[in-house]
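Listed below are the residues making up each chain.
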Amino acid sequence: MMQIGLIRHFKVKIKSPGKFLLSADEMIAWFDEYAAAEILHTAVDLRGVDWQHCLSSPLPRAVQTANAIFPGEIVCADILQELNVLPMLHKKLRLPAVIWGIVILTKSTSNNAVTRQFKQNISALVDEILEKHDRPLLVVSHGFVMMYLQKELLRRGFSGERFRLPENGKVYLFDQ
């Protein structure tokens, strides 16, 4: 039986943007700060599995999480990074941060070349995982990435704990 654990990186220590209306460039700058911010280490229930391999997003918050919970070698995979739709933002708009969040979510889930390529890359990653791994594998990434990984694993006959928006620092176990 193949076991794959999906875990979202630990929570990030950062405050929301300080002003009400933000330009696209200010929102992108805030995301850059988010990418470099410290994380809040917490205890993780590894679900009683003796994880043999670990894949991680190369972003610092994911690598730090992986290092905190997995004692062995961690392999970074670029595809496990968050989907980057920030270059698609309209540069002349000034919006509240919450509205920017909705715009980013809409762009991330809409049918465009960036999301189509992202989905193809996730599918190819799962192909590679299933070809190369037959022992329990822990995957440390980001919420949006995990949603697509979950869909792909379920499509391929895995069963597991379903989620809409995964919690930080929680392992979601999938078996085949």
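You'll find the structure just up there.
Residues numbered from 1 in each chain as written. Predicted model: local features only at pLDDT ≥ 70, side-chain atom pairs only at ≥ 80, totals over all residues. Heavy atoms only, no water.

1. Some words on the pattern of salt bridges
- This structure, assessed with the given rule, holds 10 salt bridges.
- A salt bridge links Glu152 to Arg156; the nearest nitrogen and oxygen atoms lie 2.8 Å apart. When sorted by exposure, Glu152 lands in the same class as Arg156, which is buried.
- The network of salt bridges with common partners includes Asp127, Glu152, Arg155 and Arg156. (Salt bridge = Lys/Arg side-chain N within 4 Å of Asp/Glu carboxyl O. Buried < 20%, exposed > 50% of the residue type's maximum accessible area, 1.4 Å probe, protein only.)

2. Describing the side chain of Ser141
- Within the secondary structure, Ser141 sits in strand β6 (residues 137-141).
- Leave out the neighbours within four places in its chain, and Ser141 touches Ile7, Arg8, His9, Ser57, Leu80, Met146 and Leu149. (Helix = DSSP H or I, 4+ residues; strand = E, 2+ residues; numbered from the N terminus. Contact = heavy atoms within 4.5 Å.)

3. Examining a nonpolar patch on the surface
- A grouping of Val98, Ile99 and Ile102 is seen on the molecular surface, where their side chains present a nonpolar patch of about 270 Å² in accessible area.
- Summarising the element assignment, Val98 is placed in helix α3 (residues 97-109). (Patch = residues over 30% accessible without salt bridge, like charges linked within 9 Å, V, L, I, M, F, W, Y side chains within 5 Å. Areas by Shrake-Rupley, 256 points an atom, 1.4 Å probe, with all protein chains shown as cover.)

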